[in-house]
2 protein chains.
Amino acid sequence: MNVVFGFLRRPKVRIDIPRLKPREDVTSYPKVNLAELTPEVLPYLGQAAYVQLAIFEEVSDAIAAAPTVADKQALASGASQALDKHERLVAEIRRRVDQPSEVIEPFTAGIDRYRLVVKGADWYEQLASVYLTAGILDDFFTLLAAGLPGDIGPRCVAILDADTGRRAITDILSAAIAHDEVLGPRLAMWGRRVVGDTLLVCRSAIHLTGNAVSDEERIEPVFTEMIASHTRRMDGLGLTA
Amino acid sequence: MNVVFGFLRRPKVRIDIPRLKPREDVTSYPKVNLAELTPEVLPYLGQAAYVQLAIFEEVSDAIAAAPTVADKQALASGASQALDKHERLVAEIRRRVDQPSEVIEPFTAGIDRYRLVVKGADWYEQLASVYLTAGILDDFFTLLAAGLPGDIGPRCVAILDADTGRRAITDILSAAIAHDEVLGPRLAMWGRRVVGDTLLVCRSAIHLTGNAVSDEERIEPVFTEMIASHTRRMDGLGLTA
C-alpha cells in the first residue's frame, strides 16, 4: 500500500484497521473534536479542491464506461455534485490568492498516485471505489474543517455536505451483487484495500496542512469514526467491511 | 466519412461544404426558418439529450487528460454546462414518459460511432473537436427546435443557449497554436474533417426525427448558416475553415 506515498517520506506508515463492532454500537464511539488540529487554510483548501476534482473525474470516467444510458443518467448527478464542490472550494481559494491552481498543484502528484491504486479492475470496482473513497474523503475534510480559523470552517462543511449524487451507485452495485454471487465477496475485499489507501491519504493530508507528526495520537479517534461511517456504507451494499 | 453512418442505410450520402465568403457577408445569408421541418418531440429530445451527454463525456475526458490543474479548472465549466443541458433535456423527456433512457437509447450507437471518428489523435485535436462539434450541434438543435409543436421549442432553445463554458478552450488552443507553428495547420485540417462528420450527424438527426428525405432541399440553407457560424469559430482560433 505504501508505495503510493513516497511523497510522505515515511515509507513505514502502516494503518491498522480495527475490526468494528456491529452498527448498534456506533453511537458509543468517542465524539471527535478535530478543532485540536489546526490545518493551514490554503493547503487545506488546495487538497480538498483537488480531491473533489479527482472524484469528478472518476465519476465521469464511470459514466463514460457505463453500459446503459440509464446508468449514465443515474451517475450524472454525482459528477455534477463533485464538480460543484470543487468549484466552490476554488472560489474560496480565489478569495485569498489570484491563481488557485498554484495552491492546488503541490498536491496533485500524491493524489494522482492514490487514484491509480484505487482505480479498480473493472466498472464495478471503479464504482465501489468512487462511492467508498468519496464518502471517506468528504467525512475527513468535513472533520478537519473544524480546526480552520475564522468562518472558513463552517463554509467548507456546508460545501462538502451533500452526497445525494452518489446514492445511485449503491442501487447499481446492489443490483449487480444480487445477480452475481462472486461479485459481492470480490467487492468486499476491494473495499478493504480501498479504505486502507484512503486513510493513508487522509493521514498525509493532516501533515501536509501543517500539523506535526506528534499530533498523530489525536488522529486515531477521527479515523475510528471515519471507519465506522465506512462500515455503514459497506453494510448498505450488503458487504462486510 | 460515411462509414460511421451505416445506421442511416444511405451509404451514398455526401455533403459538399461550400467555400465561404469572408465574414462580412454573413448577414446576407438567407434567414432560415426550420419551422418548415416538423421534428417529432421525443426523437428530437432523445438525440439532443444524448448529444449533450456525449459533449459532457468528451469535455470530462479532456479534463482528465489536461496537463495542468489550471487547464482542468478552465475546462470544468464546459463540462458542467453540458451536463446541465443534458439533465434539463432529460427532465423534458420525463414530463412525457417514465423512462427517459428508452427514448435516448435508439440514438446512442450512431452518436457513439461519430464520437470515435471525431475524437482526435491528441489533446489539442480533442479540444478542437469538442469546441467545434459542440458549437455546430448546439446551433443545429436550436434551429431544429423552431419546428417543434407547442411551447417545447422555445424551452429547448433556452436550454441550449449557453456556450460560455467552452470559451476557455479557445484560450488554451490559441496559446498552443502561438507556441507551435505546426499545430495551427494541423488543427485547420482537423477542423475541416470534423465539420463534415458533424453535418452528417445533423442530417441524420433530421431524418431520425421523422422528416422525409424529400425535405433535404430545405436543409441546405440551414447547413449554410451553420457552416458560417463554424467559420467564425475557426476564425476565432486564427484558423482557416
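Each chain carries its own residue numbering, running from 1 in the written order of its sequence. For this description, chains carry letters from A and ligands carry numbers from 1, given in the order in which they are written. Local features in a predicted model are, by the rule used here, given only for residues with pLDDT of at least 70; side-chain atom pairs are given and counted only at 80 or more, and totals for whole chains, interfaces and linings are based on all residues. Side-chain metrics in this entry use all non-hydrogen atoms of the structure; hydrogen atoms and water are not considered.

- Chain A carries the name Ferritin-like domain-containing protein in an unreviewed UniProt entry, which gives Herbiconiux oxytropis as its organism.

**Section: the side chain of Q73 of chain A**
Here comes step 1: Numbered from the N terminus, helices here are DSSP runs of H or I no shorter than four residues, and strands are runs of E no shorter than two. Structurally, Q73 of chain A is set in helix α2 (residues 69-94).
Here comes step 2: Only heavy atoms enter the contact rule, under which two residues are in contact if any of them lie within 4.5 Å. With residues near it in sequence (within four places) discarded, Q73 of chain A still touches H86, V90, P100, S101 and I104 of chain B.

**Here's the deal with the side chain of E92 of chain B**
Here comes step 1: Within the element layout of this structure, E92 of chain B appears in helix α2 (residues 69-94).
Here comes step 2: If sequence neighbours within four positions are ignored, E92 of chain B has contacts with L45, I152, R155 and I159 of chain B.

**Here we look at the layout of surface pockets**
Here comes step 1: Reported here for the largest pocket is a volume of approximately 450 Å³.
Here comes step 2: A cavity here means a set of points on a 1 Å grid, drawn over the protein atoms and nothing else, where a 1.4 Å probe fits but cannot get out; a pocket is an open set with protein on both sides within 12 Å along at least five of seven lines, and a residue lines either one if it has an atom within 4 Å of a point. Along the walls of the largest pocket sit 26 residues, with E57 and R115 of chain A together with S60, D61 and A64 of chain B positioned nearest its centre.
Here comes step 3: Those elements that provide at least two residues to the lining of the largest pocket are α1 (41-65) and α4 (108-117) of chain A together with α1 (41-65), α2 and α4 (108-117) of chain B.
Here comes step 4: Counting residues per element, the lining of the largest pocket draws most heavily on α1 of chain A, which supplies six residues. Grid points are joined across faces, edges and corners, and a volume is the space filled by probe spheres set on the points.

**Side note on the environment of E220 of chain A**
Residues and elements named next belong to chain A.
Here comes step 1: Along the chain, E220 falls in helix α9 (residues 216-236).
Here comes step 2: In this structure E220 comes out as partly exposed when scored by relative accessible area, which is 37%.
Here comes step 3: Along the backbone, E220 and R203 are 17 residues apart, and their C-alpha atoms lie at a distance of 9.8 Å.
Here comes step 4: Only 3.1 Å separates the side chain of E220 from the side chain of R203, close enough to count as a polar contact. The classification of residues rests on relative accessible area computed with a 1.4 Å probe and restricted to protein chains. Under 20% of the type maximum is buried, over 50% is exposed, and intermediate values are partly exposed. Pairing of N or O atoms within 3.5 Å defines a polar contact, subject to two protein rules: one partner must be a possible hydrogen donor and the other a possible acceptor, and residues neighboring in sequence count only if both atoms are side-chain atoms.

**Observations concerning the interface of chain B and chain A**
Here comes step 1: Chain B puts 25 residues into the contact, and the matching count from chain A is 25 residues.
Here comes step 2: Of the roughly 1,800 Å² buried at the junction of chain B and chain A (both faces included), carbon and sulfur atoms supply 65%.
Here comes step 3: When residues of chain B are sorted by the area they lose upon contact with chain A, E57, V69 and Q73 of chain B head the list and together hold 28% of the total.
Here comes step 4: Here, a salt bridge means any Lys or Arg side-chain nitrogen found within 4 Å of an Asp or Glu carboxyl oxygen. Remark: the boundary between chain B and chain A carries two salt bridges.
Here comes step 5: Where K72 of chain B meets E57 of chain A, a salt bridge forms, and the shortest distance between an N and an O atom there is 2.8 Å.
Here comes step 6: Taken together, chain B and chain A are joined by three residue pairs in polar contact (both at pLDDT 80 or more).
Here comes step 7: Only α1, α2 and α3 (100-104) of chain B provide two or more residues apiece to the side of chain B that touches chain A. Put simply, buried area is the surface a 1.4 Å probe can reach on two separate parts but cannot reach once they are joined, added for both.

**Observations concerning the packing of aromatic side chains**
Here comes step 1: Note on aromatic contacts: the rings of Phe and Tyr and the six-membered ring of Trp form a pair at centre separations within 6.5 Å, being stacked when their planes are under 30 degrees apart, edge-to-face when over 60 apart, and tilted otherwise. Under the counting rule described, the total for this entry stands at seven aromatic pairs over all chains.
Here comes step 2: Ring geometry for Y44 of chain A versus F141 of chain A: centroids 5.6 Å apart, planes at 70 degrees, classification edge-to-face. One end of the pair, Y44 of chain A, is in helix α1; the other, F141 of chain A, is in helix α5 (residues 123-145), and 97 residues separate them in sequence. Here the two residues Y44 of chain A and F141 of chain A agree in accessibility, since each one is buried.
Here comes step 3: Measuring from ring centre to ring centre gives 6.1 Å for F56 of chain A and F56 of chain B, while their planes differ by 80 degrees; the resulting arrangement is edge-to-face. You can see F56 of chain A sitting in helix α1 and its partner F56 of chain B sitting in helix α1, one on each of two chains.

**So, the packing of α2 of chain A against α2 of chain B**
Here comes step 1: α2 of chain B packs onto α2 of chain A with a crossing angle of 140 degrees between their chain directions and a minimal axis gap of 10 Å. In terms of crossing hand, the pair formed by α2 of chain A and α2 of chain B is left-handed. Contact with α2 of chain A, carried on its side by Q73, A76, S77, A79, S80, L83, H86, E87 and V90 of chain A, involves Q73, A76, S77, A79, S80, L83, H86, E87 and V90 of chain B of α2 of chain B and no other residues of that element.
Here comes step 2: All amino acids are sorted into three groups, where Ala, Val, Leu, Ile, Met, Phe, Trp, Tyr, Cys and Pro are nonpolar, Asp, Glu, Lys and Arg are charged, and the leftover types, Gly among them, are polar. Counted by class, the contact of α2 of chain A with α2 of chain B contains eight nonpolar, eight polar and two charged residues. Lines fitted to C-alpha atoms define the axes here, with helix axes fitted over just the stretch in contact, and angles between the N-to-C directions of these axes take values from 0 to 180 degrees. Crossings are sorted by hand: turned counterclockwise from the far helix by less than a right angle, the near helix makes the crossing left-handed, and turned clockwise it makes it right-handed.

**Let's talk about the confidence of the model for chain A**
Here comes step 1: Summary statistics for chain A give a mean pLDDT of 84 and a share of 83% for residues scoring 70 or more.
Here comes step 2: The predictor rates its confidence in each residue with pLDDT, a number between 0 and 100. Segment residues 1-31 of chain A: pLDDT under 50, and 49 contacts once partners within four positions in sequence are set aside and those in other chains are kept.

**Examining the relation of the copies chain B and chain A**
Here comes step 1: With an RMSD of 0.0 Å, the operation that places chain B on chain A is a rotation of 180 degrees combined with a shift of 0.0 Å along the axis. Such a combination of rotation and displacement between the chain copies is what one expects of a two-fold axis.
Here comes step 2: An overlap of 100% is found between the interface residues of chain B and their copies at the interface of chain A, pointing to a shared contact surface. The copies were overlaid by least squares, fitting only the C-alpha atoms of residues that reach a pLDDT of 70 or more in each copy.

**Topic: the pattern of salt bridges**
Here comes step 1: Under the definition given, this model contains 37 salt bridges over all chains.
Here comes step 2: A salt bridge links R96 of chain A to E92 of chain A, with the nearest nitrogen and oxygen atoms 3.4 Å apart.
Here comes step 3: A residue is classified by how much of its surface remains accessible, and E92 of chain A, at 8% relative accessible area, is buried.
Here comes step 4: Measuring nitrogen to oxygen at the nearest pair gives 2.8 Å for the salt bridge that ties E92 of chain B to R155 of chain B. You can see E92 of chain B sitting in helix α2 and its partner R155 of chain B sitting in helix α6 (residues 152-160), a full 63 residues away along the chain.
Here comes step 5: For R155 of chain B, a relative accessible area of 23% corresponds to the partly exposed category.
Here comes step 6: Taken together, the salt bridges that share partners define one network made up of E57, E58, D61, D112, R115 and K119 of chain A together with K72 of chain B.

**Description of the environment of V130 of chain A**
Residues and elements named next belong to chain A.
Here comes step 1: Mapping V130 onto the fold places it in helix α5.
Here comes step 2: Given a relative accessible area of 6%, V130 falls into the buried group.
Here comes step 3: For the pair V130 and I55, spaced 75 residues apart in the sequence, the C-alpha separation amounts to 6.7 Å.
Here comes step 4: If sequence neighbours within four positions are ignored, V130 has contacts with E58, V59, G135, R166 and I169.

**Focus: helix α7 (residues 167-179) of chain B**
Here comes step 1: For α7 of chain B, which comprises 13 residues, the first-to-last C-alpha distance of 19 Å matches the rise-based estimate of 18 Å (1.5 Å per residue) to within 8%.
Here comes step 2: Those residues of α7 of chain B that are buried are in contact with α2, α5 (123-145) and α8 (183-208) of chain B. In a helix, the anticipated span is given by 1.5 Å times the number of residues less one.

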